[in-house]
Structure formats: structure tokens, C-alpha cells
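Structural overview
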Amino acid sequence: MIDIFTEYGKAFLYTDGYQFTGVAVTLYLLVITLILGFIFSLFLAIGRLSRNRFISLPIWLFSYVFRGTPFYIQLLVIYTGIYSLGFVRENDYLGWFFSSGYRCAVLALVLNTCAYTTEIFSGAIRSIPNGEVEAARAYGFSGWRLYRRILLPAALRQALPVYSNEVILVLHATSLAFTVTVPDILKVARDVNSATYQAFAAFGSAALLYLGLSIALIVLFRKAEKRWLAHL
Amino acid sequence: MLKGYGGLILDGTLTTISLALLSVVIAIVIGLAVAGIKLFGPAFGRVLADVYTTFIRGVPDLVLMLLIFFGLQSLLNQVTAFFNIEIITIDPFVAGVATLGFIYGAYFAETFRGAFMMVPKGQLESGLAFGLSPGQVFRLILFPQMMRHALPGIGNNWQITLKATALVSIIGLSDLVRAAQVAGKATYDFFTFSLLAAAIYLVLTTLSNILLSYLERRYTAGVRQTAL
């Protein structure tokens, strides 16, 4: 076990000498997915609550399909499925985009987390007491300003505990990125396993790293809840 | 149909369904036992149960699957080599069921713990005061009422377990995902076959949604709903 740490510790943490690997890659996937997912989900959540059926129904369908299928299959469809289509490979931009495991993994992760986060956010917006909206309207708030000043601050606060769960699940989902050649923690563990045949030590180290990251995220969200939910 | 790969896909689908059902049964048994230990067990058992649920929920299911499948196999190999007996290979299906059951047992444990706590304590105390044994209190008072609160969580966990079965192809099981990949490789049509696999999963989750909402209506019969 100790020889694995001395020989592969660096690869597990940030680099194997040629490229970024391990924790650095996992965190990169996590952060970029969360930023993009958060922004898109805000708009999707607002659209999901729209009275216009042509806006709300497609968003519902998107979220239903992505929540009803396994993430691994979504990743396979995007990485192996779409790239196997002739017109995608012949098109310069599409071919460039779908040829990279990194880009496909991020796209799949963002789509997947958007589906869940949209539901979380729209549920939180819907749970705001109608009186608050009426009071805001009476003060002259409407449209975008109503959302920015009244609805979203309250809804995002309320969504925080559920959102923290989703963030942990995104961290767990990034472990599938190794199936599309992204050198994350699990990819390093697999390489260590095939190099040393010490399966238990290799995957055990990966498990401990993920556990550490999960606990760090939980602590961060506890702090955030204390700050933003202090009045509750 | 499907360029001759319909049978393979069907076999894979059946494997996936039986895998999911068996794993959920194991996970429910583990979950009930662990929830019981967490609430009523000795202090030592409680600590152990907490370590189990925290560890499992903090580590990705795929990592745990690889750890248990390959890690256990290599430990087993060391044991068999030490005692000089023949190598025992773990069957992928058994390993898949056991691993999924072990992982999602932790999620079920939390669901059941929350549901047990929803049953007022006074009811258990009065049950004991009427001379029922602790076992009878559990069977006649706690369990039937707990189920109503646990049902949404059980449904949720079932969906998660069902979707997690997609990972077992990585440890070498010929499930739906593997069948779709084999068919895709042979026909150079990854797109259709992976979409087909996704569609089959979507049908399975939709069917279980329908069944679950029916069950929920049954178990909440006689409970007044507050209309908002």
C-alpha cells in the first residue's frame, strides 16, 4: 500500500508527468459542470414554470428523459453514439467537439445535472408563499426584477440543502468520465491496478480520495447553510 | 428485427431487470437491519452502522463496485494461494447483486431510519405497556405505519438502483448496456443501439413510476390530505 502512495501519489493528486490527472481532473470536471449547470438550470427552472406550454413542456420532457435514464448510457450516447454518425464526423465543428472525451464528459455531466437541478430550483420557486409575490407586485416589482430581487434569493436559499446533495451526486457521476478516456481519479486507480495487480489498494485509495472530497463538500455546504440560512 | 440483435437486447434487458430486483431485495433487508441497529442497537453497533452509511454515501457507486469486485477477488486469491487451494472466481452476476445490494442498503437504511422516527414514540411505549413483546411491537405497530412514510423514499431508491445497474457492464456482466454495445460494435450503429438502451431504461423507470404512485395511493388510504 505504501509503495503505491510513493510511486503513484502524484498521479492520484494532480499529474502523471505528461498531463493533469487524478484529483485535479475530477475537481476540474466538478467545478465546470457545477458552474454551467447552475446558470442553465436557473433559466430552465424559470422556463419550467412558464404558463406558455411551448416553453414549459419541452423543458419538462428534457428533465424527465435525463432523470429517467442512467448517466452511463447518456455518456455512451454522446461519446460513442453521436461520434459514430457520419455527418458529425464530417462536420468540422461537430467532429472537433465530439472527438474529445473531456468535452463529451462535460456535456453529458452538464445535461444530466441540469435535469435534476432544474427540478430542484423550480420546486423551490414554486414553494415561495404567494403572499410574498403579491406583496412584491404591490410594490411595483414585475418580470425580471421580481425574479432577481424577490423570488430567486428566497428560492435559492431554500434549495441549498437539496442542492448540496446534488453536488455530491455530480462528484460521484464524474467517476464515470474514465470510461471516455478522461484521466480522473478512477482512471489512475485502474492504471495502478493493471500495473501492480494490487486491486484493493488501488481502488481503496480512490475510494478514500472521493470520500475526502465528499466530506470537504459537505463541510463547505454546512458553512454556506449557516451563512445564508441563519435566519431560519 | 434490429439487424438480428433483438434477442440479445431482450436477454440483456431481462438480466438488468432481475439484477435490479434482486439487488433491491437485498438492499431492503440490509437497510432494515442497519436502520434497526442505528435506532435500537448497542453503541458499538451504532458507530459501525454510521461508518457504513457515511462511507457508502461518500464514495461513488462505481468506485465501490470496482473496489468490491476486483478488490475482493484479489484478496480471495491471496487467501486461496496461502492455503494452497484452487482459485475461486467470483461470479459476475452474484458479485453485481451483492455489490449493488450492499451499496444501496446504506441508502435504504437512511430512508427507513427517517420513516421509523416518524412513528410517535408514545405508540411504541403503549404497545409495550399493553404487554406486547418488542418483536410484536415492531411487527404490529411500528412496521405498518413506517411503510407509509418510507414509500416515497423506497421508490426513489428503487429508481436509483435500477439506473445504477447500467454500471455492471463495466465489471463484465452481459446486461442491457453490454448488449447494446456489442450490437453497436457489430453493426457500426452505436447511435441507434445506445438510444435504444436509453429508451428501454426510460420505459422501465416510467413503469415503476406508475406502479409506485398506485402503491402510494393504497398505503395512504385513510390519511387525510391537507389541501393547499
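Residues numbered from 1 in each chain as written. Chains lettered and ligands numbered in written order. Predicted model: local features only at pLDDT ≥ 70, side-chain atom pairs only at ≥ 80, totals over all residues.

Some words on the overall build of chain B
Spelled out, the test is: Numbering goes from the N terminus for both helices and strands, where a helix is a DSSP run of H or I of at least four residues and a strand is a run of E of at least two. Backbone-placed C-beta atoms define the burial measure: a residue is buried with 20 or more other C-beta atoms within 10 Å of its own, exposed with 12 or fewer, and partly exposed in between. Throughout, a residue-residue contact means that the two C-beta atoms, derived from backbone geometry, are no farther apart than 7 Å.
Scanning chain B from N- to C-terminus turns up 8 helices and 0 strands. Listed N to C, the secondary structure of chain B is α-α-α-α-α-α-α-α in terms of helices and strands. Residue burial in chain B is summarised as follows: out of 228 residues, 37% are buried. Put simply, of all contacts in chain B between residues at least 6 apart along the chain, 76% involve residues at least 24 apart.

Observations regarding the interface of chain A and chain B
Convention followed: Polar here means any residue outside two lists: the nonpolar Ala, Val, Leu, Ile, Met, Phe, Trp, Tyr, Cys and Pro, and the charged Asp, Glu, Lys and Arg; Gly therefore counts as polar.
Listed by partner, the interface residues are 30 residues for chain A and 31 residues for chain B. Taken together, the elements giving at least two residues each to the side of chain A that touches chain B come down to helix 3 (53–68), helix 4 (71–83), helix 10 (185–196) and helix 11 (199–228) of chain A. No other element matches helix 11 of chain A, which puts 10 residues into the side of chain A that touches chain B. Here the side of chain A that touches chain B is built from residues that sort into 19 nonpolar, 11 polar and no charged.

Section: the nonpolar core
To be explicit about the condition: Here, a nonpolar core denotes buried Ala, Val, Leu, Ile, Met, Phe, Trp, Tyr and Cys residues that are linked to one another through C-beta atoms within 7 Å.
If you look at the biggest cluster of nonpolar residues, it comprises 113 residues, and the most contacted ones within it are A:Phe203, A:Ala206, B:Val63 and B:Ala197. The dominant element in this core, judged by the number of residues it contributes, is helix 7 (residues 101–126) of chain A, at 14 residues. When neighbours within four sequence positions are excluded, A:Ala206 is seen to be in contact with A:Ile185, A:Leu186, A:Ala189 and B:Val63.

Some remarks on helix 8 (residues 190–219) of chain B
Inclusion rule: The span one expects for a helix is its residue count, reduced by one, times 1.5 Å.
With 30 residues, helix 8 of chain B extends 43 Å from end C-alpha to end C-alpha; this agrees with the ideal 44 Å at 1.5 Å per step. Among the residues of helix 8 of chain B, those classed as buried are B:Phe190, B:Phe193, B:Ser194, B:Leu196, B:Ala197, B:Ala198, B:Ile200, B:Tyr201 and B:Leu204.

With respect to the confidence of the model for chain B
For the record, the criterion: Confidence scores per residue from the predictor, reported as pLDDT, run from 0 to 100.
Of the residues in chain B, 96% have a pLDDT of 70 or more, and the chain-wide mean is 84. In the model output, the complex is listed with pTM 0.85 alongside ipTM 0.84.

A word on the environment of A:Leu211
Here A:Leu211 is to be found in helix 11. By the C-beta count within 10 Å, which is 18 here, A:Leu211 ends up partly exposed. Placed 90 residues apart in sequence, A:Leu211 and A:Phe121 show a C-alpha to C-alpha distance of 27 Å. In this view, A:Leu211 contacts B:Phe55, B:Gly58 and B:Val59; residues no more than four positions away in its chain are not counted.

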